[in-house]
Structures are given as structure tokens and as C-alpha cells.
Amino acid sequence: MNIYDKIIKETMLEVGKGDVRRIGGASARPWPDSGSSELVMQREAAFELGGSGKPSVNYTCVTTDPDFSEDEILIVGRDLPAVRSDTAFARIAILGTEELGEDEAAHDAIRKMEFVRYHVFPKGYMVRVSTTSYKEQVRVSAKAARAGISFSSVGADYIARYKEIPGVKKVRMIFITDEQIVEALAPNAKKVDDITKTLTHIMDGLNLDCSHCSMKPVCDEVDGMREEHLKALKKGK
Ligand code: SF4
């Protein structure tokens, strides 16, 4: 499946403009997960990612042709131990999956990837997600900051969760605190959401009638969307 590939390419071009640090997923030590949503009060907080009106964005892309060969975490800008006050923030996940047209598990990856963002609970790292604005804000507790929480450890938590989804083979987690890059990437979140919604409709059995389809503006812009619809129809026969 290549329908997110253009956005992945644009994302990586933008990421490459920053100060990028790479950590292999296998060498990252997971941060303790509290198992459920945890409240970090403002008075207990060290800082907020995406707080004080700073830009923040979150999106997840799927590809069957990832340009990475193992799980990895990319940090663009300051890592958590170097953050001293509220800062811009982006968290982007790129999932390398099995071929969508041949494996039902990859369909599941599309449906379940949204679910993951609500089900990772690093201790002292309270995530607030806005589905309408595509923002993801995080309040980091002073206790977690003192204990050395970092994007590599939080990234390892996300990777483990994404890899529980059948069909997901490799994960690249990107954490960005460089404000200019966060701002440049923000418009991608809506495009990704449009693609995912269209794909979900296709998988739910939408008729192939482009002239009367409300998804047409998305399919006109995204290479491979009509092919995905044809594939889904063939599979359904
Ligand atoms: S391929 Fe045509 S019918 Fe299918 S979702 Fe796109 S515009 Fe709609």
C-alpha cells in the first residue's frame, strides 16, 4: 500500500532539515507504563509539550514499503531531559505493515492505529489528544523528569503497543520539539485523517462510483486510492 507514501516522503524531507538523533528500537529502554490514564496536576508538572499555545500535531501513516529496516526512534530538536519549559511538539508514527491487498491483518492496522494513541500510558506522561484539531498535548510530571524520562523510553512504549497490531512489522516513531518543523508538518495531519477515513469507507463496502462520491477530492489528490478501492471490491467478491 502506497497511499500515505507521499506524506511520509514530505515528512522525512522536513524532518531532515532539523537536528535529528536516531535510536534503534532494540536499544531503547521502555518507560514504565501505568496501565491506565493518569492525572498529572499542573502543580506537579515540569512542562507541557504543546502547552501554552505552542503548536502540536500528531499523525500516523502506514506503508508496505518502509525506508527503514528496523524499529527506530527519531528525535528532532530537544529531548525531554533538555526541555525546561512548555514547547512545540509533534509525535508521528510510521508503521511498516504487510501488504494490504493480501492480508486482512493490515486492514486491521489501519483501524487499530487510531486506538493506540489512547492506550499508551507512560508513567508521569499525561497525554491529551484532540481529534478535531489533530493536536497531542503532553503534561510531563516533575517526578518523571527527575527520574530521566526521555523520548527514546516513551518511544519504546509506543513501538511495543503498535507491534501488538497484527500485520505491523516495523515502527518508526518521530518526536519533534523544533517549533519550525512542527509548524511545517501540522497541515499533514488533516490530509492523513482524510486518507484514513476514505480508506475506512472503502473497506466498509462503499460503491465505486466516483462521480457521486464525497471522497472524490481526496482520491483526486492521493495516488493509489482508486486502486485500493478496486482491490477492496475484488476481495469482497
Ligand atoms: S475511488 Fe471513487 S468511489 Fe472510491 S472512494 Fe475514491 S472517489 Fe469514492
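Reading the values: rules and limits
Residue positions are given per chain, counting from 1 as you read along its sequence in written order. Per-residue local features of the predicted model are confined to residues with pLDDT of at least 70, and side-chain atom pairs are confined, for both listing and counting, to 80 or more; whole-chain, interface and lining totals are unaffected and use all residues. Only the C-beta atom, placed from the backbone, is used; a residue is near a molecule or strand if that atom lies within 6 Å of it. Starting at the N terminus, helices and strands are each numbered in turn, a helix being any DSSP run of H or I of at least four residues and a strand any DSSP run of E of at least two. Amino acids are sorted into nonpolar (Ala, Val, Leu, Ile, Met, Phe, Trp, Tyr, Cys and Pro), charged (Asp, Glu, Lys and Arg) and polar (every other residue, Gly among them). For every residue, the predictor reports its confidence as pLDDT, a number between 0 and 100. Counting other C-beta atoms within 10 Å of each residue's C-beta, where C-beta atoms are placed from the backbone, gives the exposure class: buried for 20 or more, exposed for 12 or fewer, partly exposed between. Regarding the arc, it is the one traced by the directions from the helix axis to the C-beta atoms. Two residues qualify as being in contact provided that their C-beta atoms, derived from the backbone, are within 7 Å of each other. Strand pairing requires that DSSP identify at least two bridges connecting the strands. For helices, the fitted line uses only the C-alpha atoms of the stretch in contact; every axis is such a line through C-alpha atoms, and the angle between N-to-C directions lies from 0 to 180 degrees. Helix span, expected: 1.5 Å multiplied by one less than the number of residues in the helix. In this analysis the local bend is the angle between axes fitted, respectively, to the seven residues ending at and the seven residues starting at the residue. Oblique is the label for any angle not under 35 degrees, not over 145, and not in the 65 to 115 range, which are roughly parallel, roughly antiparallel and roughly perpendicular in turn.

Brief notes about the site of the ligand
Link 1 in the chain: By nearness alone, 13 residues border the ligand, and Cys-210, Cys-213, Met-215, Cys-219 and His-229 come closest of all.
Link 2 in the chain: Secondary-structure elements contributing two or more residues to the shell around the ligand are helix 5 (179-203), helix 6 (216-221) and helix 7 (225-236).
Link 3 in the chain: Top contributing element to the shell around the ligand by residue count: helix 7, with 3 residues.
Link 4 in the chain: Of the residues assigned to the shell around the ligand, the class counts are 8 nonpolar, 2 polar and 3 charged.

Some words on the confidence of the model for the chain
Link 1 in the chain: Counting all residues, the mean pLDDT for the chain is 90, and 95% of those residues have values of 70 or more.
Link 2 in the chain: The element-level mean pLDDT for the chain is lowest in helix 2 (residues 104-116), coming to 70, with strand 4 (residues 72-76) highest at 98.

Examining helix 1 (residues 5-15)
Link 1 in the chain: Among the residues of helix 1, those classed as buried are Ile-7, Ile-8, Thr-11 and Glu-14. Take helix 1 and look down its axis: the buried residues cluster within an arc of 130 degrees, on one side only. Away from the buried face of helix 1 by more than 90 degrees, exposed residues Lys-9 and Leu-13 are located.
Link 2 in the chain: Each element contacted by the buried residues of helix 1 is listed here: strand 3 (56-63), strand 5 (89-97) and helix 5.

Focus: the sheet that holds strand 3
Link 1 in the chain: Across the sheet, 5 strands lie side by side as 1-4-8-5-3; this open sheet has mixed pairing. Bordering the open sheet on either side are strand 1 (20-24) and strand 3, each of which pairs with just one other strand. Along the sheet, successive strands turn relative to each other by an average axial angle of 15 degrees, direction set aside.
Link 2 in the chain: The pairing of strand 4 with strand 8 (residues 168-176) spans 5 bridges and is classified as parallel. Across the sheet, Leu-74 pairs through a bridge with Ile-174, a residue of strand 8.
Link 3 in the chain: Here helix 1 sits on the sheet and contacts strand 1, strand 3, strand 4, strand 5 and strand 8; the angle it forms with strand 3, its principal contact strand, is near 130 degrees.
Link 4 in the chain: Here helix 4 (residues 151-162) sits on the sheet in contact with strand 1, strand 4, strand 5 and strand 8, set at roughly 150 degrees to strand 8.

Points about the sheet that holds strand 6 (residues 125-130)
The strands that make up a sheet are held in pairs by hydrogen bonds between backbone atoms, and each pair lies either parallel or antiparallel.
Link 1 in the chain: Read from one edge of the open sheet, 3 strands run 2-7-6, paired in antiparallel fashion. The open sheet terminates on both sides in strands that have one partner only, identified here as strand 2 (45-49) and strand 6. If you compare each strand with its neighbour and ignore which way they point, the axes differ by 15 degrees on average.
Link 2 in the chain: As paired elements, strand 2 and strand 7 (residues 135-141) share 4 bridges and run antiparallel to each other. Note that in strand 7 the partner of Ala-45 across the bridge is Ser-141.

Quick look at helix 5
Link 1 in the chain: End to end, helix 5 covers 36 Å across 25 residues, agreeing with the expected 36 Å (1.5 Å per residue, within 8%).
Link 2 in the chain: Roughly 30 degrees is the biggest bend found in helix 5, and it falls at Ala-186, with proline Pro-187 one to four residues downstream.
Link 3 in the chain: Inspection of helix 5 places Ile-181, Val-182, Ala-184, Leu-185, Asn-188, Ala-189, Val-192, Ile-195, Thr-196, Thr-198, Leu-199 and Ile-202 among the buried residues, and these make up the whole buried set.
Link 4 in the chain: Residue Gly-205 follows helix 5 closely and has a positive phi angle near 95 degrees.

Regarding the environment of Cys-210
Link 1 in the chain: For Cys-210, the position within the fold is in the loop between helix 5 and helix 6.
Link 2 in the chain: Not counting residues within four places of it along the chain, the set of residues in contact with Cys-210 comprises Lys-216 and Cys-219.

Considerations on the packing of helix 1 against helix 5
Link 1 in the chain: Contact geometry for helix 1 and helix 5: axes closest at 10 Å, N-to-C directions at 170 degrees. The orientation of helix 1 relative to helix 5 falls into the category roughly antiparallel. Residue-level contacts link Ile-7, Glu-10, Thr-11, Glu-14 and Val-15 of helix 1 to Ile-181, Ala-184, Leu-185, Asn-188, Lys-191 and Val-192 of helix 5.
Link 2 in the chain: Counted by class, the contact of helix 1 with helix 5 contains 6 nonpolar, 2 polar and 3 charged residues.

Points about the pairing of strand 5
Link 1 in the chain: In terms of residue burial, strand 5 counts as a mostly covered element, since 9 of its 9 residues are buried.
Link 2 in the chain: Where burial is concerned, the two faces of strand 5 agree: the one with Phe-89, Arg-91, Ala-93, Leu-95 and Thr-97 and the one with Ala-90, Ile-92, Ile-94 and Gly-96 are both buried.
Link 3 in the chain: Relative to strand 5, strand 3 runs parallel, the two sharing 8 bridges. Bridge pairing links Cys-61 to Ile-94 in strand 5.

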